[in-house]
Amino acid sequence: MTDQSSNQMWGGRFAAGPDAIMEAINASIGYDQRMAAQDIAGSRAHAAMLAATGVITDNDAEAIREGLLTVLSEIESGTFQFSTALEDIHMNVEARLKDIIGEPAGRLHTGRSRNDQVATDFKLWVRDQLDAAESGILALIKALLAQAEAGADWVMPGFTHLQVAQPVTWGHHMMAYVEMFGRDLSRVRDARARMNESPLGAAALAGTSFPIDRDMTATALGFDRPAANSLDAVSDRDFALEFLSTASICAMHLSRFAEELVIWSTAQFRFVTLSDRFSTGSSIMPQKKNPDAAELIRAKVGRIFGANTALMMVMKGLPLAYSKDMQEDKEQVFDAADNWMLALAAMEGMVKDMTANRVELAAAAGSGFSTATDLADWMVRVLKVPFRDAHHVTGTLVAMAEDRGCDLPDLSLADMQGVHAGITADIFTVLGVQNSVNSRMSYGGTAPAQVRQQVARWSEILGA
Ligand code: ARG
């Protein structure tokens with residue numbers, strides 16, 4: 001005899017319902033309800049296909065498809081009663097459909113399993129997030145392009161080891177991030193194209209004996225084609241991992257930029273002023289303006305990368321095909337997606353609002369003997385001195401300036417000639433920072449003309 005409390009989806013084989021703890025560990029409805037719209041879209045496509053192939057009647061399909069819309073509106077309006085006993089979104093929706101339309105609801109699950117159903121729902125959800133990420137990255141790139149265009153010739157120090165290295169332009173620095181986020185954008189697009197195969201119809205693992213039309217459901221759901229192997233279709237989550245790894249790399253880029261904004265907005269640097277809209281104050285120190293948004297963006301990479309690692313660990317030892325372990329995929333992806341989108345939007349907002357402090361940037365650009373390489377290059381070009389020797393002479397001059405507490409252009413010609421007799425007054429023309437950046441005309445270099453060329457290239461790519 002079947003226990004009253006046993007599951008209505010598989011109660012036939014069970015004499016008793018689950019222990020409360022079993023129910024707690026098993027249920028995913030607390031979070032997978034986020035896939036309700038995808039679940040209903042998948043079921044509606046499946047029902048239409050079952051009717052088109054003669055597996056169920058047109059009338060039943062129509063009742064199912066209409067009933068599912070009612071379920072969706074209940075979920076969207078917040079009146080739907082989710083039940084933990086019904087474990088997940090798939091069974092919650094189907095049970096409610098049965099309440100609404102009765103017997104035909106029991107025909108919906110013909111020729112499919114929750115295994116292909118969940119893979120389909122989740123892919124649709126992840127695909128939407130890739131589209132959202134694409135928009136978020138594009139908006140951020142546009143904000144960076146605007147900064148780069150405005151400041152194509154503003155000088156600032158370029159760093160290596162966070163020590164002043166050579167002068168660069170503000171526009172060049174902004175465009176470095178455009179390249180990084182541009183690659184993130186291409187990773188997002190690649191991931192979307194690769195994942196866009198429909199698992200629906202793979203059924204539990206082996207396919208089905210019903211004459212289903214997988215091309216029809218694939219097309220209805222916007223997939224490029226049905227996945228070609230039913231075992232693979234229900235058991236891999238590489239699409240979710242690719243989403244997480246793409247998110248991780250992008251979050252890493254966001255984090256590096258955020259770190260720069262944190263440093264640049266300090267009283268010591270004062271390279272940028274962040275807007276009030278993206279800063280917070282202190283409850284005790286009235287003077288404080290903290291770059292919290294940048295700090296939180298910097299931190300987000302931790303949880304996003306953590307999600308990637310966690311899902312890798314979940315998946316790495318699973319034999320084919322579906323195992324319940326895979327239910328642990330969703331919370332990681334949901335959390336990472338939410339935080340990735342938020343970080344992208346916050347960074348876009350900060351970049352749009354921030355002010356580059358040109359005076360401070362220019363003053364810092366000339367500090368730290370930043371044009372020493374220009375001096376050495378001049379000796380190579382004009383005096384035909386081998387670069388290694390020019391490097392040595394310049395090093396000696398830097399040490400001299402450091403000793404005297406002055407900058408390179410403050411040394412006299414006599415000082416310089418004392419170190420290398422061939423040096424002429426011409427040298428002073430290359431020691432200025434503006435000259436230094438203007439001279440770096442090699443492709444991809446920091447010269448304003450190069451930066452403008454890259455801004456134009458990106459504007460054309462984006463159709464902006
Ligand atoms: N809630 C499940 C998940 O997220 C759905 C698939 C369940 N399949 C099964 N054979 N128990 O993975």
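Think of each chain on its own: its residues are numbered from 1, step by step along the sequence as written. In view of the model being predicted, local features appear only for residues whose pLDDT reaches at least 70, and side-chain atom pairs are presented and counted only at 80 or more, with totals across whole chains, interfaces and linings using the full set of residues. In computing side-chain values, all of the structure's heavy atoms are included and hydrogens and water are not.

Centres within 6.5 Å are what make two rings of Phe, Tyr or Trp a pair, Trp counting through its six-membered ring; a difference in plane orientation under 30 degrees is then read as stacked, over 60 as edge-to-face, and the rest as tilted. Inspection of every chain in the model, using the stated rule, returns twelve aromatic pairs. Judged by centre distance (5.7 Å) and plane angle (70°), the ring pair of F122 and F239 falls under edge-to-face. Taken together, the residues F122 in helix 6 (residues 114–150) and F239 in helix 10 (residues 238–264) connect sequence positions 117 residues apart. With respect to burial, F122 and F239 carry one shared label: buried. Feature note: the residues F159, W170, W264, F269 and F271 constitute an aromatic cluster, connected by ring pairs. Look at NZ for Lys and CZ for Arg. If either is within 6 Å of the ring centre and within 35 degrees of the ring normal, a charge sits over the ring. The ring of F223 carries the charged tip of R127 above its face, separated from the ring centre by 5.0 Å. Taking the ring centre of F122 as reference, the NZ or CZ of K330 above it sits at 5.6 Å. Secondary structure follows DSSP: runs of H or I at least 4 residues long count as helices, runs of E at least 2 residues long count as strands, and numbering of each begins at the N terminus. Accessibility here uses a 1.4 Å probe with only protein chains present; expressed as a share of the type maximum, an area under 20% marks a residue as buried, one over 50% as exposed, and anything in between as partly exposed.

Relative to each other, helix 7 (residues 170–195) and helix 19 (residues 448–462) sit at 35°, their axes nearing to 10 Å. Classified by chirality, the crossing of helix 19 by helix 7 is left-handed. Contacts from G171, H172, M175, V178, E179 and G182 in helix 7 reach V451, Q454, V455, R457 and W458 in helix 19. Fitted lines through C-alpha atoms give the axes, limited to the stretch in contact for helices. The angle between two N-to-C directions lies from 0 to 180 degrees. Handedness of a crossing follows from how the near helix is turned relative to the far one, being left-handed for an anticlockwise turn of less than a right angle and right-handed for a clockwise one. Should any heavy atoms of two residues lie within 4.5 Å, those residues are counted as being in contact.

Here, expected helix span is obtained from the residue count minus one, scaled by 1.5 Å. Relative to the 18 Å expected for 13 residues at 1.5 Å per residue, helix 5 (residues 89–101) spans 18 Å between its end C-alpha atoms, a close match to the ideal helical length. Of all the residues in helix 5, the buried ones are I89, H90, M91, N92, V93, E94, A95 and L97. A positive backbone phi angle near 75° is found at G102, which sits one or two residues after helix 5.

With that out of the way, let us pick up the site of the ligand. All residues in the neighbourhood of the ligand are listed as S28, D88, H90, R114, N115, V118, Y322, Q327 and K330. Pairs of N or O atoms are called polar contacts if they sit within 3.5 Å, as long as, within protein, a hydrogen donor faces a hydrogen acceptor (for residues adjacent in sequence, only side-chain-to-side-chain pairs). A distance of 2.9 Å separates a nitrogen atom of the ligand from a polar atom in the side chain of D88. A distance of 2.6 Å separates an oxygen atom of the ligand from a polar atom in the side chain of K330. Per-residue and other accessible areas follow the Shrake-Rupley method at a 1.4 Å probe size, with only the shown protein chains counted as cover for residues. Within the complex, 86% of the 350 Å² of free accessible area of the ligand lies under protein. For the shell around the ligand, the element with the highest residue contribution is helix 6, accounting for three residues. Classification used: nonpolar for Ala, Val, Leu, Ile, Met, Phe, Trp, Tyr, Cys and Pro, charged for Asp, Glu, Lys and Arg, polar for all others including Gly. For the shell around the ligand, the residue count by class is two nonpolar, four polar and three charged. By convention in these notes, a residue is near a molecule or strand provided one of its non-hydrogen atoms lies within 4 Å of it.

A few words now on a nonpolar patch on the surface. Taken together, the side chains of L205, L231 and L320 make up a nonpolar region of the molecular surface, amounting to roughly 280 Å² of accessible area. As for its position among the elements, L320 is in the loop between helix 11 (292–315) and helix 12 (329–353). L320 sits in the exposed class, given a relative accessible area of 65%. Patch definition: residues with relative accessible area over 30% and no salt bridge; like charges joined within 9 Å; nonpolar side chains (Val, Leu, Ile, Met, Phe, Trp, Tyr) joined within 5 Å. A carboxyl oxygen of Asp or Glu within 4 Å of a side-chain nitrogen of Lys or Arg is what we treat as a salt bridge.

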